[in-house]
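Coordinate inspection notes
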Amino acid sequence: MTDEIARRAQQIEIWSSDSDSDSDSGSRYAQVSLSRSAINHAPNALTNAEIVTKYADKIKTDPIKKGPKITRDRSNRATVEQVLDPRTMRFLAKIINKNVISRINGCISTGKEANVYHGDHEDPEVTTREYAVKIYKTSILVFKDRERYVDGEFRFRNTKNQSNPRKMVKVWAEKEFRNLKRLYLNGIPCPEPVELRSHVLVMEYLTKGNGQPSPKLRDHPFKDVEEIVHYYHQMLFYMRRMYKVCRLVHADLSEYNSIVHKDKLYIIDVSQSVEPEHPMALDFLRMDIKNVNDFFSRKKINVYPERLLFKYITEDASVLGIEDNSDEQLGQYLETLPLKTEDDDEVEDEIFRSLHLVRSLNHLDERDFQKFSEGKVDTLTDLVGTHENIDGTLAVNDDDEEEEDEEEDEDDEDESSEEETGSEDDSEAEDEDAEGKKKKKKWVEKETILKGKKHEDKDDKKARKEAAKLAKQEKRKTKMKKHVKKKIISKRKTK
Ligand SMILES: Nc1ncnc2c1ncn2[C@@H]1O[C@H](COP(=O)(O)OP(=O)(O)OP(=O)(O)O)[C@@H](O)[C@H]1O
Ligand SMILES: [Mg+2]
């Protein structure tokens with residue numbers, strides 16, 4: 001598994017260095033989304049009509065048939081203009097100009113939130129790879145029920161109050177890209193994320209040949225019961241790995257958002273995935289577990305009780321009583337779980353689903369104590385969804401952490417979240433100081449950093465935090481207030 005991960009990490013590095021050199025905004029990987037003004041003022045910028053004329057014959061938007069083919073008929077242009085707005089066309093043009101793909105051959109799927117197209121390069125000399133191009137819809141209606149996934153997401157909290165649907169869709173696509181990257185770099189089978197331009201995401205195309213997409217889990221023709229059990233266990237294993245290593249809850253996991261490709265289960269559609277710190281993460285996780293169990297029980301196999309699977313996915317190896325997080329240890333643990341056979345298991349799961357789970361005892365509120373006093377829960381810890389301390393090798397994409405740092409500096413009102421991530425940030429800050437300038441950071445094995453902090457004694461930690469807080473207050477005193485800055489800038493402009 002490790003050399004596969006190393007290869008993937010290397011692959012991402014190639015994209016990043018490649019796109020950095022290419023991106024004139026000099027921004028980090030995948031953040032390259034040219035602003036309208038940049039495009040309009042680019043030398044001989046094309047008008048919308050010119051863009052459509054120039055690229056329409058490379059873009060087919062009707063459902064993909066046998067193998068990719070290009071038509072030059074005028075009706076195609078009308079459809080393209082209907083389906084893809086000029087702004088999307090511009091981003092597609094950038095991707096084509098960058099030679100990632102040279103044509104769109106047809107539509108693989110039209111969803112509520114996005115359409116997915118097949119793209120490739122007409123010149124096999126350049127590449128024979130096929131890509132899935134996911135283009136998000138910018139209609140505000142769709143965005144209504146997305147808000148609960150973005151609200152509370154630490155990485156995107158500065159964007160949640162933007163009323164501009166375009167910006168929110170861009171955030172949504174960026175979320176999917178970054179979440180895919182986390183899965184991909186941690187050995188969870190998923191389409192390789194390749195390019196992101198605003199709300200247009202290019203990723204590896206999972207195909208069974210002749211341009212046809214590999215089947216969703218829902219449509220996979222299972223050979224026998226063994227194969228069904230095999231994919232059930234694989235799904236549970238990836239759910240745990242996503243939670244413990246990628247620090248992600250899928251939040252829309254089902255037989256529709258997983259694909260059987262080359263005899264392996266691939267996870268897709270991670271735009272709504274959230275981190276465990278999200279206020280609803282544990283509710284989303286319980287929903288995922290229920291969806292997965294429902295699908296596999298419809299396939300007539302005995303599944304495990306949901307509350308036991310919740311524990312399997314969220315608890316540390318030590319709490320599960322296994323030595324480590326190896327596949328075999330986790331596999332053996334699953335085998336020891338009792339299958340859900342009697343009806344009272346269903347009743348227990350019903351209660352489990354209705355519990356209001358919190359992340360730690362100090363998040364309990366009135367109604368929990370009420371439940372406890374009415375004897376509905378044996379102990380209050382039953383309401384604590386998962387242990388605070390995260391086990392084993394926990395890799396996080398430092399880019400996200402970096403992003404959080406930047407956001408945190410902007411508005412450090414939310415002390416509590418600093419508390420949670422404070423130690424990590426500080427230690428990373430120390431690392432950065434040690435390394436001098438802020439280098440592009442790779443994935444870090446969280447355990448190495450956490451180990452030192454875990455054993456640091458309490459008052460040292462307290463003193464360190466106090467000092468960090470005072471330093472921040474000092475910095476804030478000298479920091480120029482935003483409104484003052486704005487006044488100076490506007491004065492300069494008028495001059
Ligand atoms: N990388 C890929 N390779 C092959 N097929 C893909 C890929 N990504 C998506 N698809 C196909 O497109 C469908 C929709 O993709 P996805 O779920 O990511 O978009 P969505 O907006 O959530 O659509 P829906 O609302 O239908 O779930 C998937 O169910 C799958 O069949
Ligand atoms: Mg989907």
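Scoring rules and cut-offs
Residues numbered from 1 in each chain as written. Chains lettered and ligands numbered in written order. Predicted model: local features only at pLDDT ≥ 70, side-chain atom pairs only at ≥ 80, totals over all residues. Heavy atoms only, no water. Near = heavy atom within 4 Å. Polar contact = N/O pair within 3.5 Å; in protein donor to acceptor, adjacent residues only side chain to side chain. Areas by Shrake-Rupley, 256 points an atom, 1.4 Å probe, with all protein chains shown as cover. Phe/Tyr/Trp six-rings, centres within 6.5 Å; stacked < 30°, edge-to-face > 60°. Helix = DSSP H or I, 4+ residues; strand = E, 2+ residues; numbered from the N terminus. Buried < 20%, exposed > 50% of the residue type's maximum accessible area, 1.4 Å probe, protein only. Pairing = 2+ DSSP bridges. UniProt positions renumbered as here; feature names shortened; annotations may be inferred. Contact = heavy atoms within 4.5 Å. Salt bridge = Lys/Arg side-chain N within 4 Å of Asp/Glu carboxyl O. Donors = N, O, S within 2.8 Å, 3.2 Å for Na, K, Ca; no water. Patch = residues over 30% accessible without salt bridge, like charges linked within 9 Å, V, L, I, M, F, W, Y side chains within 5 Å. Lys, Arg positive; Asp, Glu negative; His and termini not counted. Charge placed at Lys NZ, Arg CZ, Asp CG, Glu CD. Axes fitted to C-alpha atoms, helices over the stretch in contact; angles between N-to-C directions.

**Concerning the site of ligand 1**
- Near ligand 1 lie 19 residues; those nearest to it are Lys134, Glu204, Leu206, Asn257 and Asp269.
- Contact distances for ligand 1 include 2.7 Å between an oxygen atom and a side-chain N or O atom of lysine 134.
- The contact in question runs from a nitrogen atom of ligand 1 to an N or O atom on the backbone of leucine 206, over 2.9 Å.
- Burial of ligand 1 by the protein chains amounts to 88% of its free accessible area of 600 Å².

**Section: the packing of aromatic side chains**
- Taken as a whole and assessed by the stated rule, the structure comprises eight aromatic pairs.
- Aromatic side chains tyrosine 232 and tyrosine 304 sit 5.8 Å apart centroid to centroid with 15° between the ring planes, which places their arrangement in the stacked category. Separated by 72 residues along the polypeptide, tyrosine 232 in helix α9 (residues 225–244) and tyrosine 304 in the loop between α10 (281–298) and α11 (306–314) bring together distant segments of the chain.
- Tyrosine 304 gets classed as buried once you look at its relative accessible area, which sits at 5%.

**Re the pairing of strand β1 (residues 103–110)**
- Of the pairings in the sheet, the one linking β1 to strand β2 (residues 114–120) comprises six bridges and is antiparallel in character. Bridge assignment links arginine 103 to a residue of β2, and that residue is aspartate 120.
- Connecting the antiparallel pair β1 and β2 is a turn made up of three residues.

**Here we look at the UniProt feature "binding site: ATP" (unreviewed entry) in the chain**
- Mapped onto the present numbering, the UniProt feature "binding site: ATP" (unreviewed entry) falls at Lys134 and Leu206. In three dimensions, the annotated residues from a span of 73 residues occupy one location, with a maximal C-alpha spread of 13.0 Å.
- The contact partners of lysine 134, leaving out residues within four places of it in the chain, are Ala114, Asn115, Val116, Glu176, His199, Val200, Leu201, Met203 and Asp269.
- A distance of 2.8 Å separates the side chain of lysine 134 from the side chain of glutamate 176, its partner in a polar contact.
- Take leucine 206: it is sitting in the loop between β5 (200–204) and β6 (207–209).
- When neighbours within four sequence positions are excluded, leucine 206 is seen to be in contact with Pro191, Gln212, Pro213, Ser214, Ile259, His261, Tyr266 and Ile268.

**Things to note about the pattern of salt bridges**
- Applying the stated criterion to the full structure yields 25 salt bridges.
- Among the salt bridges present, the one from arginine 182 reaches glutamate 275, with a minimum N-O distance of 2.5 Å. In this pair, arginine 182 sits in helix α8 (residues 165–185) while glutamate 275 sits in the loop between β9 (264–267) and α10, placing the two residues 93 residues apart along the sequence. Each member of the pair, arginine 182 as well as glutamate 275, is classed as buried.
- A salt bridge links glutamate 350 to arginine 353, with the shortest nitrogen-to-oxygen separation between them at 2.8 Å.

**Remarks on the coordination of the magnesium ion (ligand 2)**
- The magnesium ion (ligand 2) binds to the protein through Asn257 (OD1) and Asp269 (OD), with metal-donor distances spanning 2.1 to 2.3 Å. Highlighted residues: asparagine 257 in the loop between α9 and β8 (258–261) and aspartate 269 in the loop between β9 and α10, separated in sequence by 12 residues. With respect to class, asparagine 257 is no different from aspartate 269; both count as buried.

**A word on the environment of lysine 262**
- Structurally, lysine 262 is set in the loop between β8 and β9.
- Judged by relative accessible area, which is 69%, lysine 262 ranks as exposed.
- On a C-alpha basis, the gap between lysine 262 and leucine 206 in space is 8.8 Å, while along the polypeptide they are 56 residues apart.

**A few points about unusual backbone geometry**
- At serine 198, a position not held by glycine, the phi torsion is positive, near 55°.
- Structurally, serine 198 can be placed in the loop between β4 (193–197) and β5.
- Exposure remark for serine 198: the relative accessible area of 3% places this residue in the buried category.
- Positive phi, close to 60°, is recorded for aspartate 263, a residue that is not glycine.
- Here aspartate 263 is to be found in the loop between β8 and β9.

**A few points about the UniProt feature "active site" (unreviewed entry) in the chain**
- Listed under "active site" (unreviewed entry) in the UniProt record, and renumbered for this structure, are Asp252 and Asp269. A compact arrangement is adopted by the annotated residues: their sequence extent is 18 residues, whereas the largest C-alpha distance between any two is 8.0 Å.
- Leave out the neighbours within four places in its chain, and aspartate 252 touches Asn257, Asp269, Gln272 and Asp288.
- For aspartate 269, a relative accessible area of 13% corresponds to the buried category.
- In this view, aspartate 269 contacts Lys134, Glu176, His250, Asp252 and Asn257; residues no more than four positions away in its chain are not counted.

**Structural notes on a negative patch on the surface**
- Among the surface-exposed residues, Glu323, Asp324, Asp327 and Glu328 lie close enough to one another that they form a single negatively charged patch.
- By secondary structure assignment, the location of glutamate 328 is in helix α13 (residues 327–336).
- Judged by relative accessible area, which is 52%, glutamate 328 ranks as exposed.

**A look at the sheet that holds β5**
- In space, the five strands of this open sheet follow the order β1-β2-β3-β5-β4, with antiparallel pairing throughout. Of all the strands in the sheet, just β1 and β4 have a single pairing partner and so form its edges. On average, adjacent strands in this sheet sit at an angle of 25° to one another, irrespective of strand direction.
- Relative to the sheet, helix α5 (residues 86–97) contacts β1, β3 (131–136), β4 and β5, its axis offset from that of β5 by approximately 40°.
- Lying on the sheet, α8 is in contact with β3, β4 and β5; it crosses β4 at an angle near 165°.

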